[in-house]
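# Structure assessment
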Amino acid sequence: MTTTRAERWRLVLGSEAEQGCGALGGTLREMDAAMAALYEPEGEHGLKRRGGRGASSPNVARWLGDIRKYFPSSVVQVMQRDALDRLDMRQLLLEREMLEGIQPDVHMVANLVSLASVIPAGTKETARMVVRQVVDELMRKLEEPMRSAVTGALDRARRNRRPRHAEIDWQRTIRANLRHWQPSHRTIIPQELIGFGRKARRPQREVVLCIDQSGSMAASVVYSSIFGAVLASLPAVSTKLVVFDTSVVDMSEQLDDPVDLLFGVQLGGGTDINRAVAYCQELIREPRNSILVLISDLYEGGVEEKLLARAQELVAAGVQFITLLALSDEGRPAYDKALAAKLAALGVPSFACTPDAFPGLMAAAIRRDDINQWASSRGMVPTRPQE
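No experiment lies behind these values; they were computed from the predicted model shown. (Residues numbered from 1 in each chain as written. Predicted model: local features only at pLDDT ≥ 70, side-chain atom pairs only at ≥ 80, totals over all residues. Heavy atoms only, no water.)

### Remarks on the overall build of the protein chain
This is how the line gets drawn: Secondary structure elements are defined from DSSP: runs of H or I of at least 4 residues count as helices, runs of E of at least 2 residues count as strands, and each element is numbered from the N terminus. Residue exposure (1.4 Å probe, protein chains only): buried if accessible area is under 20% of the type maximum, exposed if over 50%, otherwise partly exposed. Whether two residues touch is decided by their heavy atoms; if any such pair falls within 4.5 Å, the residues are in contact. Computed with the Shrake-Rupley method and a 1.4 Å probe, the accessible areas treat only the protein chains shown as cover for residues.
The helix and strand inventory of the protein chain stands at 16 helices and 8 strands. Across the 387 residues of the protein chain, 49% fall into the buried class. Contacts in the protein chain between residues far apart in sequence, at least 24 positions, make up 74% of those at least 6 positions apart. Summed over its atoms, the accessible surface of the protein chain is roughly 19700 Å², and 48% of this surface lies on carbon and sulfur atoms.

### A short note on the side chain of Thr 126
Considering the arrangement of structural elements, one finds Thr 126 in helix 8 (residues 121-157). Apart from the residues within four sequence positions on either side, Thr 126 is in contact with Arg 96, Leu 99 and Glu 100.

### A short note on the side chain of Ser 225
Positionally, Ser 225 belongs in helix 10 (residues 218-232). Residues in contact with Ser 225, not counting those within four places in the same chain, are Leu 241, Pro 258, Leu 261 and Leu 262.

### Describing the pattern of salt bridges
Formally: Any carboxyl oxygen of Asp or Glu within 4 Å of a side-chain nitrogen of Lys or Arg constitutes a salt bridge here.
One pass over the structure, following the stated rule, counts 6 salt bridges. With its nearest N and O atoms 2.7 Å apart, the salt bridge here joins Glu 304 to Lys 342. Linking Glu 304 in helix 13 (residues 304-317) with Lys 342 in helix 14 (residues 337-345), this pair joins segments that are 38 residues apart in sequence. The salt bridge involving Asp 369 is made with Arg 367; its shortest N-O contact spans 2.9 Å. Among the residues examined, Asp 369 registers a relative accessible area of 29% and is labelled partly exposed.

### Side note on the environment of Val 293
Structurally, the position occupied by Val 293 is in strand 6 (residues 290-295). Measuring from C-alpha to C-alpha, the distance between Val 293 and Thr 323 comes to 5.8 Å, with 30 residues separating the pair along the chain. Apart from the residues within four sequence positions on either side, Val 293 is in contact with Val 208, Leu 209, Cys 210, Ile 322, Leu 324 and Met 362.

### Remarks on the nonpolar core
Side chains that are nonpolar tend, in soluble globular proteins, to be buried together. Threshold: Remark: nonpolar core denotes a set of buried residues (Ala, Val, Leu, Ile, Met, Phe, Trp, Tyr, Cys) joined through side-chain atoms within 4.5 Å.
Val 150, Leu 324, Phe 351, Cys 353, Phe 358 and Leu 361 are the most contacted members of the largest nonpolar core, which totals 70 residues. If one sorts the elements of this core by residue count, helix 8 sits on top with 13 residues. Once residues lying within four places of it in the same chain are set aside, the contact partners of Val 150 are Leu 231, Leu 234, Val 237, Met 362 and Ile 366.

### Section: the packing of aromatic side chains
Worth spelling out the cut-off: Two rings from Phe, Tyr or Trp (for Trp, the six-membered ring) form a pair when their centres sit within 6.5 Å of each other. Planes less than 30 degrees apart are called stacked, planes more than 60 degrees apart edge-to-face, and all others tilted. Criterion for a charge above a ring: Lys NZ or Arg CZ within 6 Å of the ring centre, and within 35 degrees of the ring normal.
Applying the stated criterion across every chain yields a total of 1 aromatic pair. For the pair Phe 227 and Phe 358, a centre-to-centre distance of 4.7 Å together with 35° between the ring planes defines the contact as tilted. You can see Phe 227 sitting in helix 10 and its partner Phe 358 sitting in helix 15 (residues 358-367), a full 131 residues away along the chain. For Phe 358, a relative accessible area of 1% translates into the label buried. When the ring centre of Tyr 335 is taken as reference, the NZ or CZ atom of Lys 337 above it lies at 4.8 Å.

### Observations concerning the packing of helix 1 (residues 5-13) against helix 3 (residues 26-39)
Helix packing for two helices is described by the angle between their axes and how far apart those axes are. Rules: In this analysis an axis means a line fitted to C-alpha atoms, helices contributing only their contacting stretch, and an angle means the value between N-to-C directions, from 0 to 180 degrees. When an angle is under 35 degrees it counts as roughly parallel; over 145 it counts as roughly antiparallel; between 65 and 115 it counts as roughly perpendicular; any other value is oblique. A crossing counts as left-handed when the near helix is turned anticlockwise from the far one by less than a right angle, and as right-handed when that turn is clockwise. Under the scheme applied here, ten amino acids are nonpolar (Ala, Val, Leu, Ile, Met, Phe, Trp, Tyr, Cys and Pro), four are charged (Asp, Glu, Lys and Arg), and all others, including Gly, are polar.
Direction vectors running N to C along helix 1 and helix 3 enclose 20°, while the axes themselves pass 9 Å from each other. Our classification of the angle between helix 1 and helix 3 gives roughly parallel. Helix 3 is crossed by helix 1, and the crossing has right-handed handedness. Note on element contacts: helix 3 touches helix 1 through Leu 28, Asp 32 and Met 35, opposite Glu 7, Arg 10 and Leu 11. Split by residue class, the contact of helix 1 with helix 3 holds 3 nonpolar, no polar and 3 charged.

### A closer look at the pairing of strand 6
The criterion, for reference: DSSP calls a pair of strands paired once it identifies at least 2 bridges connecting them. Handedness rule for crossovers: strands pointing away from the viewer, path from the first strand over the helix to the second running clockwise, crossover right-handed.
With respect to burial, strand 6 is a largely interior element, 6 of its 6 residues being buried. As paired strands, strand 3 (residues 205-212) and strand 6 are joined by 6 bridges and run parallel to one another. In the sheet register, Glu 206 faces strand 6, and the bridge partner there is Ser 290. The parallel pair strand 6 and strand 7 (residues 320-327), bridged by helix 13, forms a crossover whose chirality is right-handed.

### Some details on the pairing of strand 4 (residues 237-244)
Burial of strand 4 is extensive: 6 of the 8 residues sit out of reach of the surface. Pairing analysis gives 8 bridges linking strand 3 to strand 4, with the strands arranged parallel. Paired with Val 207 across the bridge in strand 4 is Thr 239. After leaving strand 3, the chain enters helix 10 and then returns to the sheet as strand 4, a path that is right-handed. The antiparallel pairing of strand 4 with strand 5 (residues 248-250) creates a hairpin that spans 3 residues between the two strands.

### Some words on the sheet that holds strand 8 (residues 350-353)
The 6 strands lie next to each other as 5-4-3-6-7-8, forming an open sheet whose pairing is mixed. Here the strands that pair on one side only, and so sit at the sheet edges, are strand 5 and strand 8. Sheet twist, expressed as the average angle between the axes of neighbouring strands with direction ignored, equals 25°. Alignment of strand 4 against strand 5, held across 3 bridges, turns out to be antiparallel. Looking at the pairing, Val 243 lines up with Val 249 of strand 5. Across the sheet, helix 15 is in contact with strand 3, strand 6, strand 7 and strand 8; its angle to strand 7 comes to roughly 170°.

### Section: the confidence of the model for the protein chain
Where we set the bar: As a per-residue measure, pLDDT reflects the predictor's confidence and takes values from 0 up to 100.
Taken over all residues, the pLDDT of the protein chain has a mean of 83, while the share at 70 or more is 86%. When the elements of the protein chain are averaged for pLDDT, helix 4 (residues 57-70) gives the smallest value, 67, and strand 6 the largest, 97. Predicted confidence is poor over residues 49-58, with pLDDT under 50, and the contacts of this stretch with residues over four places away or in other chains come to 18 contacts.

What follows is the structure in structure tokens.
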């Protein structure tokens, strides 16, 4: 659609700019009405002006249809999120008609999960369908990168450095010994033999995802559940998933279905990180083959000194302990910088991670790479210890 500069400014500035920029017509006028309904809620087209939650439902349903008609999916998701935040429309998510008209996304799933306990029986199946649609889409996007990264890292981690003749990986052995080329003999004399890894009879790594289910971590809970399900499907990885607020719930038995897992989460409430880490510590059987990922903004409601003592014990035992301040695409998170710095001083890296980067992070942890260096090389800024 071709627009003039004045029309574009009119759309940006709203109805108050009509005198200076001129009136809109046709499709542009309809697009403007859809935006005004949200961003000028008390005006002629405003959603709020048309009454309470009950009477406004048909109007909201039309608005949901309009924004999907006139705007791309990414913009629709932003506008829906703004409507929930600005107009306090969460009650509408309890109505089946509204759910059927919504463009599903991670933030919508987080809202539905937070309302799971009060969703009417007649609407629950529709809510599950919305959540299932988002989960399936995320699985299609994230499963293969996660599986490939982790499987590749496990294969390299178990590479046989003392192979029998039949187990030698000749291509890797030759590449590793090119510097030992002997011109007079026109051959390589290998100083290091690299073999194919022998098949593991039991899991090679234990991974524990410990997830803060306070309201601010909602999107992180969704992504963590997806990745937990993928990890749990890998025989070489023993995966546990634990969620917590002031209590701790082990959700490991539900990792085969992320939708069931999400509806078992209770978003909101307080935070007792120490209690959650204590529970996870008990799950770890082989510390030097274990990776503990704490996903939290670190606003501790429990006993900080005990948390730090446990972190020190875990690191000393050989556990790779990593704190993700967020696992989402929401930008820089708010978090307790002082506690993050104290954990960093104990050897627990702390930084925010996007879902696209998480498979690489797990691969790096499996290889026992320097996680701070890995994060820094990818533009993530690990928290530094306080001086």
